[in-house]
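# Close look at the chain arrangement
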Amino acid sequence: MRIYLHTDEAGQEWVAFKMAERGGRGSGGHGSLDKSITLPPDEIFRNLENAKRFAIDIGGSLTKLAYYSTVQHKVARVRSFDHSGKDIENEPLYEITVQEEITARLHFIKFENTYIETCLDFIKDHLVNTETKVIKATGGGAYKFKDLIEKKLGLKVDKEDVMTCLIKGCNFVLRNIPHEVFAYQKDSDTEFRFQTNDPNIFPYLLVNIGSGVSIVKVETEDKFEWIGGSSIGGGTFWGLGALLTKTKKFDELLQLASKGQHTNVDMLVKDVYGGAYQTLGLSGNLIASSFGKSTTADKEFSKEDMAKSLLHMISNDIGQLACLYAKLHNLEKIYFGGFFIRGHPVTMRTITYSINFFSKFDMLEMDRLERPLVNLPLLKDPSTYIPDTVDLTDDAMARKYWLTCFEEALDGVAKRAAASQPDSMDALERAEKFRQKYWNKLQTLRQQPFAYGTLTVRSLLDTREHCLNEFNFPDPYSKIKQKENGIALKCFHSVIESLDSLDWEERQFALVKGLLAGNVFDWGAKAVSDVLESEPQFGFEEAKSKLQERPWLQDSYNQWLERLKEGPPHKCALIFADNSGIDIILGVFPFVRELLSRGTEVILACNSGPALNDVTYSESLIVTERIAAMDPIIQSALKEEKLLLVQTGSSSPCLDLSRLDKGLAVLVRERKTDLVIIEGMGRAIHTNYYAAFKCESLKLAVIKNSWLADRLGGKIFSVIFKYEVPCQ
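Definitions and cut-offs
- Within each chain, residue numbers correspond to sequence positions counted from 1 in written order.
- Owing to the predicted nature of the model, reporting of local features is limited to residues with pLDDT of at least 70; listing and counting of side-chain atom pairs is limited to 80 or more, with chain, interface and lining totals taken over all residues.
- Note that the side-chain values use all heavy atoms of the structure and ignore hydrogens as well as water.
- Secondary structure elements follow DSSP: runs of H or I no shorter than four residues count as helices, runs of E no shorter than two count as strands, and numbering proceeds from the N terminus.
- Contacts are assigned to residue pairs that have any heavy atoms within 4.5 Å of one another.
- Surface accessibility in these figures is a Shrake-Rupley result with a 1.4 Å probe; residues are shielded only by whichever protein chains are displayed.
- Between Lys or Arg on one side and Asp or Glu on the other, a salt bridge is scored when a side-chain nitrogen of the former is within 4 Å of a carboxyl oxygen of the latter.
- Whether a residue is buried, partly exposed or exposed follows from its accessible area with a 1.4 Å probe, protein chains only, as a fraction of its type maximum: under 20%, in between, or over 50%, in that order.
- Under the pairing criterion, centres of Phe, Tyr and Trp rings, with the six-membered ring standing for Trp, must be within 6.5 Å; the plane angle then separates stacked pairs below 30 degrees from edge-to-face pairs above 60, leaving the rest tilted.
- Pairing between strands is defined by DSSP: at least two bridges between them are needed.
- For helices, the fitted axis covers only the stretch in contact; all axes are lines through C-alpha atoms, and the angles between them, taken along N-to-C directions, range from 0 to 180 degrees.
- Relative orientations are named as follows: roughly parallel for angles under 35 degrees, roughly antiparallel for angles over 145 degrees, roughly perpendicular for angles from 65 to 115 degrees, and oblique for any other angle.
- Rotating anticlockwise by less than a right angle from the far helix to the near helix defines a left-handed crossing, while the corresponding clockwise rotation defines a right-handed one.
- pLDDT is defined as a per-residue confidence score from the predictor, taking values between 0 and 100.
- Every patch collects residues that have over 30% relative accessible area and no salt bridge, joining them within 9 Å if they carry like charges and within 5 Å if they are nonpolar side chains (Val, Leu, Ile, Met, Phe, Trp, Tyr).
- The residue classification treats Ala, Val, Leu, Ile, Met, Phe, Trp, Tyr, Cys and Pro as nonpolar and Asp, Glu, Lys and Arg as charged. All others, Gly included, are polar.
- The positive count covers Lys and Arg only, the negative count covers Asp and Glu only, and His and the chain ends enter neither.
- Note: the arc covers the axis-to-C-beta directions of the helix.
- Throughout this description, a polar contact denotes any pair of N or O atoms lying within 3.5 Å of each other; where both atoms belong to protein, one of them has to be capable of donating a hydrogen while the other can accept it, and for residues adjacent in sequence the pair is counted only when both atoms sit in side chains.

### Quick look at the overall build of the chain
Tallying secondary structure elements over the chain gives 23 helices and 26 strands in all. Considering only contacts in the chain between residues 6 or more positions apart, those separated by 24 or more positions represent 71%. As presented, the chain carries roughly 32,500 Å² of accessible surface, and 51% of it is formed by carbon and sulfur atoms.

See the structure below:
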């Protein structure tokens, strides 16, 4: 373990800890997170009338409240029509309905203890449907304010040990929530390096910075001990800062510090020695004495400079204390948490490892996912798997392009959302609210690329989908998908007849070309959506003509063909499908049919919820039923359970293989799956381009973005065909 004291050109001092994990892996760093769960701060106690349960943490200065409520939101459902005995030529393939669904939501709020009575009164006045008569409470204030809480809310206070709560919560985050922990280093190419979740988290040192500082050694899930601390913490900064600057608000004090220059107040090494102290190897810009100049300078110091000096003094003290404890106990990982560092770069400049970076707002809401999500068992090493190909927080050129790209597409997305609900009186109003909210998020990301976690194309897409759902646009492309599925089904029989007329080798290439051509039909790609809107007759054959001629940009088709010729049939193939319509019906299903004919079982995985024009699990069930009625191979495979349809657990245009539906993972193991096929630009290029598997894999996509094609060394509609075999 080494300690560094650095200064930038402006003389701003900060402390970083660098710990080599002996024999272990690095902490990761790339990836992304769906951070669009943050909602505006002007609606702090949202949905309080439907609150069911409460928990509260009352520290020395701040109160943190969490409550669980139920919320209603709209979801799109598809249901197959009964077409028996009817002429279905002009009938829609299936019925689309929008229904209300009730789900659970967690709300997180913080406020100063000064306002606790006012907040409790507000909560009491708005409680209507609470199910519980007990409120869980922790922190020192659980004892101090116990009688007040019980009197105001009429709820019994059930006190929990603060340290147990802290450690259990930290362990849960470290194990299960990717990108909630990050390393911070000012002025590096990437200031924020986010960690993926790792099952091997122990041992570690937890430094919790609240009003004071608690330092805890955590060895296992249940074994931990308080080994030290300090009375000089966030409360000290707040209290002394208030005395020095007459500023009472914590955030206002930090704002002052961010504008200050501590070297006007602090005595530096060069102020004492006239330069660097070469004998001890100390830089001249290191702080020799905090507030040291105040004893000799005959002048008034600005509030900003005093706040900055105070911040450095306390932060450096905490950082060095943590480092010494880690060295004393031979611990190589330190995690910092607490409100003192919550999303404040000005405080994190003196601390590297940090936890609890939720948002710049004072309120957070999270919707509950009903299904457990797990790793794909076929990942070569889940602990080092990073879904995203490019980290936009790290790549400034790519970040500028993609933010502009999403800005330019925004009006079209809002227009599409409003058009998807022609019978709704407020659709235009809601679409404008969606547009404004997503636009604001994009502007925030221009200024602070790390504001919602690691920034990637996936996080931009997912954030957009979350915003659409927030304003009750659950599936803007539902009608388009319904129409395109119906059109493609009418062509299925002729496509199969054409394929069956070819000899074996010609058929294999035609199947791959059909799979790639189907992938062209992506409403999320502007180059394609412009064509589809201006040329309604653009179809399967036209898409084939758009494809790059071989050799492709990434081309291992010959190796794939050789594998099919010389190797035994695969036991089971897992296929992650992409788009509705031509893609899944004329591209994927003929490919599935060929695998089944070889004796390979197939697991076809589709999104659990809608995203763009991607096929959903419920839609795939109806489409497969119609195909089975036309094709005996598909019908037999369904009946014998050699073709299985499953949901991924995702509602994203991209694919995170560390967060898949548990049922899918179980099925993959049971069927001894030995081939993974991922198709589509979002799933195989924006994510999983470098994903490594324990088994053979195919990654196929057509590049439908000129900038991305150019960066990869190709042109628009260049083809990616990657066949990969794991190293023995």
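### Describing the pattern of salt bridges
Proximity of charged atoms lets side chains of opposite charge pair with each other. In this structure the tally under the stated criterion is 35 salt bridges. Residue K152 pairs with D121 through a salt bridge whose shortest N-O separation is 3.0 Å. Here K152, found in helix α3 (residues 146-153), pairs with D121, found in helix α1 (residues 116-126); they are 31 residues apart in sequence, far enough to count as distant. Judged by its relative accessible area of 17%, K152 is buried. Here D631 makes a salt bridge to R593, at a shortest N to O gap of 2.7 Å.

### What about the packing of aromatic side chains?
Remark: the centre distance and the inter-plane angle together describe each pair of aromatic rings, the angle taken between the planes. As enumerated under the stated definition, the model contains 17 aromatic pairs in all. When the ring of Y204 is compared with that of Y335, the centres are 5.4 Å apart and the planes differ by 80°; the resulting orientation is edge-to-face. Of this pair, Y204 sits in strand β10 (residues 204-209) while Y335 sits in strand β15 (residues 334-337); the two residues are 131 residues apart in sequence, bridging distant segments of the chain. There is no split in this pair, since Y204 and Y335 are both buried. For the pair Y689 and Y690, a centre-to-centre distance of 5.1 Å together with 80° between the ring planes defines the contact as edge-to-face. Y689 sits in the buried class, given a relative accessible area of 8%.

### Regarding the sheet that holds strand β24 (residues 675-679)
Taking strand neighbours across the sheet as the criterion, the 7 strands line up as β19-β26-β25-β24-β20-β21-β22 in an open arrangement whose pairing is mixed. Both outer strands of the open sheet, β19 (554-555) and β22 (643-647), are each paired with one neighbouring strand and no more. Here strand β20 (residues 572-576) pairs with strand β21 (residues 601-606) via 5 bridges, running parallel. Bridge pairing in β21 places C572 opposite E601.

### Here we look at the packing of helix α11 (residues 427-447) against helix α12 (residues 457-470)
α12 packs onto α11 with a crossing angle of 150° between their chain directions and a minimal axis gap of 9 Å. Here α12 runs roughly antiparallel to α11, going by the angle between their axes. In terms of crossing hand, the pair formed by α11 and α12 is right-handed. In this structure, α11 contributes F434, K437, Y438, K441, L442 and L445 to the contact, and α12 contributes L460, T463, R464, C467, L468 and E470.

### A few points about the confidence of the model for the chain
In the predicted model, the chain carries a mean pLDDT of 82, and 82% of its residues have values of at least 70. The low-confidence segment residues 1-42 (pLDDT under 50) makes 137 contacts with residues lying over four places distant or belonging to another chain. Across residues 351-368 the pLDDT falls below 50, and counting only partners more than four positions away or on other chains, this stretch makes 84 contacts in the model.

### Considerations on the environment of L311
Inspection of the secondary structure assignment puts L311 in helix α8 (residues 303-328). Under the relative-accessibility criterion, L311 is labelled buried at 2%. In the structure, L311 is positioned 77 residues away from G234 in sequence and 9.3 Å away in space, judged by C-alpha atoms.

### Concerning a nonpolar patch on the surface
Residues L240, L243 and L244 make up a contiguous nonpolar surface patch of about 260 Å² in total accessible area. Tracing the backbone through its elements, the reader meets L243 in helix α5 (residues 234-245).

### With respect to the packing of helix α10 (residues 396-419) against α11
Remark: α10 packs on α11, axes separated minimally by 9 Å, with the N-to-C direction vectors making an angle of 175°. Looking at the two axes, α10 sits roughly antiparallel to α11. Of the residues in α11, those touching α10 at K400, L403, T404, F406, E407, L410, D411, V413, A414 and A418 are A427, L428, A431, F434, R435, Y438, W439, L442, Q443, L445 and R446. Here the residues of the contact of α10 with α11 are counted per class, giving 14 nonpolar, 2 polar and 5 charged.

### Observations concerning the side chain of E465
Relative to the assigned elements, E465 resides in helix α12. One buried charged residue, E465, forms no salt bridge at all, with the nearest opposite charge on R464 at 4.8 Å. Excluding residues within four positions of it along the chain, E465 makes contact with P610, A611, L612, S651 and P653.

### Some remarks on helix α21 (residues 662-670)
Burial in α21 covers these residues: L664, A665, L667 and V668. The buried residues of α21 occupy an angular sector of 165° when projected down its axis, which confines them to one face. Along α21, the residues that are exposed and aim more than 90 degrees away from the buried face are R669 and E670. On the buried face of α21, the contacting elements are β18 (373-374), β20, β21, β22 and β23 (660-661). Measuring from the backbone nitrogen of G663 back to the side-chain oxygen at the start of α21 gives 2.9 Å, which picks out D661 as the cap.

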